[in-house]
Amino acid sequence: MSWLDFFRGRRQPASAAAAKERLQIVLSHERISRDGEDFLPRLQRDLVEVVARYVTVDAEKVNVSLERGADLSTLAIEIELPGPKALKRAS
Amino acid sequence: MAEIIVVTSGKGGVGKTTTSAAFATGLAQTGKRTVVIDFDVGLRNLDLIMGVERRVVFDIINVIQGEARLNQALIRDKRVDTLAILPASQTRDKDALTKEGVERILDELSKEFDYILCDSPAGIEKGALLAMYFADQALIVTNPEVSSVRDSDRILGVIQSRSKRAEEKRPPVKEHLLVTRYDPARVEKGEMLKLDDIREILAIPLLGVIPESESVLRASNTGTPVILEPNSVAAEAYKDAVARFLGETRPMRFLEPERRGLFARLFGGRAA
Ligand SMILES: Nc1ncnc2c1ncn2[C@@H]1O[C@H](COP(=O)(O)OP(=O)(O)OP(=O)(O)O)[C@@H](O)[C@H]1O
Ligand SMILES: [Mg+2]
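Residues numbered from 1 in each chain as written. Chains lettered and ligands numbered in written order. Predicted model: local features only at pLDDT ≥ 70, side-chain atom pairs only at ≥ 80, totals over all residues. Heavy atoms only, no water.

Participant: Describe the overall build of chain A, listing the residues and the values that go with them.
Facilitator: Within chain A one finds four helices and two strands. Secondary structure elements in chain A, listed N-terminal to C-terminal, are α-α-α-β-β-α. Every one of the 91 residues in chain A was classed for burial, and the buried ones make up 18%. In chain A, 42% of the contacts between residues at least 6 apart in sequence involve partners at least 24 apart. As displayed, chain A has an accessible area near 7,300 Å², and 56% of this comes from carbon and sulfur atoms. (Helix = DSSP H or I, 4+ residues; strand = E, 2+ residues; numbered from the N terminus. Buried < 20%, exposed > 50% of the residue type's maximum accessible area, 1.4 Å probe, protein only. Contact = heavy atoms within 4.5 Å. Areas by Shrake-Rupley, 256 points an atom, 1.4 Å probe, with all protein chains shown as cover.)

Participant: Tell me about unusual backbone geometry, and name the residues and values.
Facilitator: Residue and element names in this part refer to chain B. If you check the backbone angles, Lys 169 has positive phi at about 55° while not being a glycine. Assignment of secondary structure puts Lys 169 in the loop between helix 8 (164-167) and strand 7 (174-182). Note on Lys 169: relative accessible area 75%, which makes it exposed. At Asn 231, a residue that is not glycine, the phi angle is positive and equals roughly 50°. Along the chain, the position of Asn 231 falls in the loop between helix 11 (215-222) and helix 12 (233-245).

Participant: Got a sec to walk through the packing of aromatic side chains? Specific residues and values, please.
Facilitator: Residue and element names in this part refer to chain B. This model, assessed by the stated rule, comprises three aromatic pairs over all chains. Look at Phe 23 and Phe 245: their rings are 5.5 Å apart centre to centre, the planes differ by 90°, and that puts the pair in the edge-to-face class. Linking Phe 23 in helix 1 (residues 16-29) with Phe 245 in helix 12, this pair joins segments that are 222 residues apart in sequence. Neither residue differs from the other here; Phe 23 and Phe 245 are each classed as buried. Measuring from centroid to centroid gives 4.9 Å for Tyr 133 and Phe 134, while their planes differ by 90°, and the two rings are edge-to-face. According to the relative accessible area criterion, Phe 134 is buried, its value standing at 10%. Within the aromatic cluster, the residues linked to one another by ring pairs are Phe 23, Tyr 115 and Phe 245. Sitting above the plane of the Tyr 133 ring, Lys 99 keeps its charged end 3.9 Å from the centroid. (Phe/Tyr/Trp six-rings, centres within 6.5 Å; stacked < 30°, edge-to-face > 60°. Lys NZ or Arg CZ within 6 Å of the ring centre and 35° of its normal.)

Participant: How would you summarise the sheet that holds strand 1 (residues 3-8) of chain B if you had to cite specific residues and measurements?
Facilitator: All names here are of chain B. With mixed pairing, the eight strands of this open sheet are ordered in space as 3-4-2-5-1-6-7-8. The open sheet has two edge strands, strand 3 (75-76) and strand 8 (206-211), and neither has a second partner. One ladder, built from two bridges, connects strand 3 with strand 4 (residues 83-86); its direction is antiparallel. Bridge assignment links Ile 75 to a residue of strand 4, and that residue is Ile 85. Contacts between helix 1 and the sheet are confined to strand 1, strand 2 (34-38), strand 4, strand 5 (115-119), strand 6 (137-142), strand 7 and strand 8, with strand 5 contributing the most and set at about 170° to the helix. (Pairing = 2+ DSSP bridges. Axes fitted to C-alpha atoms, helices over the stretch in contact; angles between N-to-C directions.)

Participant: Tell me about the pairing of strand 1 of chain B, and name the residues and values.
Facilitator: Along any regular strand the residues' side chains alternate between the sheet's two faces. Residues and elements named next belong to chain B. Strand 1 sits mainly inside the fold: five of its six residues count as buried. Bridging between strand 1 and strand 5 involves five bridges; their strand directions are parallel. When the bridges of strand 5 are listed, Ile 4 appears paired with Ile 116. With four bridges connecting them, strand 1 and strand 6 associate as parallel partners. What sits directly across from Val 7, in strand 6, is Leu 139.

Participant: Describe the interface of chain B and chain A, with residues and values.
Facilitator: The interface of chain B with chain A comprises 29 residues on the first partner and 32 residues on the second. Together, Arg 54, Arg 69 and Asn 221 of chain B form the three largest contributors to the area buried by chain B at its contact with chain A, with a combined 27%. Counting every contact that joins chain B to chain A gives one salt bridge. The closest approach of N and O atoms between Glu 53 of chain B and Arg 22 of chain A, which form a salt bridge, is 2.9 Å. (Buried area = accessible area lost by both parts, 1.4 Å probe. Salt bridge = Lys/Arg side-chain N within 4 Å of Asp/Glu carboxyl O.)

Participant: Which residues make up the environment of Ile 37 of chain B, and what values do they have?
Facilitator: Residue and element names in this part refer to chain B. Of note, Ile 37 is situated in strand 2. Classification of Ile 37 by relative accessible area gives buried; the value is 1%. Expressed as a C-alpha distance, the spacing of Ile 37 and Cys 118, which sit 81 residues apart in the sequence, is 5.0 Å. With residues near it in sequence (within four places) discarded, Ile 37 still touches Leu 46, Ile 60, Leu 86, Leu 106, Leu 109, Ile 116, Leu 117, Cys 118 and Asp 119.

Participant: Just give me the short version of the nonpolar core, but keep the residues and values in it.
Facilitator: Ranked by internal contacts, the top residues of the largest apolar core, which has 58 residues, are Leu 97, Leu 109 and Ile 116 of chain B. Leave out the neighbours within four places in its chain, and Ile 116 of chain B touches Ala 2, Glu 3, Ile 4, Ile 5, Val 35, Ile 37, Leu 106, Leu 109 and Ser 110 of chain B. (Core = buried A, V, L, I, M, F, W, Y, C linked by side-chain atoms within 4.5 Å.)

Participant: Lay out the pairing of strand 2 (residues 74-79) of chain A with the relevant residues and their values.
Facilitator: Residues and elements named next belong to chain A. Sheet topology note: the strand 1 (residues 62-67)/strand 2 ladder contains six bridges and is antiparallel. Bridge assignment links Glu 67 to a residue of strand 2, and that residue is Thr 74. Hairpin connection between strand 1 and strand 2: a loop of six residues separates the two successive antiparallel strands.

Now the structure itself:
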């Protein structure tokens, strides 16, 4: 830091460190999936298929969310199942 | 019915993605339900600029190919609840982007949103043509520099002849000029094209002038649309442009170089 920076004061926290961290996370994920085929659509289809063997599944009621992290990513697949009331109505 | 707005330029790197993120966020902040779509298949960047890169699950190509529903691919913004982002694919081939597919997505989005912004890739190839094809309005992002002005003129010609509105002989796409990375100090020294020169040459209505500003880099580092940055002249200029787009009259600002004394230069840093 030059003496000029000292006088100006560091009013804004340096943002370049945030840029590096974000890039490292997103690129580490992208490099893994670069050559491989995009597996999420197939994973979702297979999961819904398995669940549908046991209960009725509405394709509109399937939600997938992903949060990528440095050490850990969370993939959540939420399948809303019809309750007993809805089933009774259907029959 | 939603209003479809393309953000385009012909030339690369002039500020389309920065503008798409800022403008979409600004519109959404006024309560308008807004979605911003990345059309840059293979080189997606809007997710990074919007700071949602860790939450991308599906993308526009997955939706077009029927592998995911639109609602699964839309990322809802955590800062502004009327804002959503539809990312481009990073891995798929550009040819997967089809006119029919894009039309289906726009039709479905039209039911839920007031504004649909399309962040165009550079050039006048397929991605750029599809981004502008269904547009009702166009933001022409132009830098005060010869090749950018020429490319803007070229893309205006493309919009006027090859958009859906032109093909169907409906009222033309409404064009807006947005001059970005404007550096008044260099304009004053005669090193950069003046605003009036650009207006005279392109001859379309001026929506705003966004000054060259350090805060744009800071915003992209942290994944914040620049319009949300505090103490930023670029943010102020984008807010003005959004207000004008919605019908307000606001004077143009930041067209003159800052005149500052030694004290301000020592303590104030450069244009924020
Ligand atoms: N007002 C501004 N002040 C300073 N830098 C800016 C400004 N607007 C954009 N930039 C910078 O210019 C570069 C290009 O911006 P951006 O990615 O938005 O352009 P683009 O037109 O989307 O590019 P591409 O054609 O590659 O998609 C980025 O580094 C961005 O930070
Ligand atoms: Mg871009």
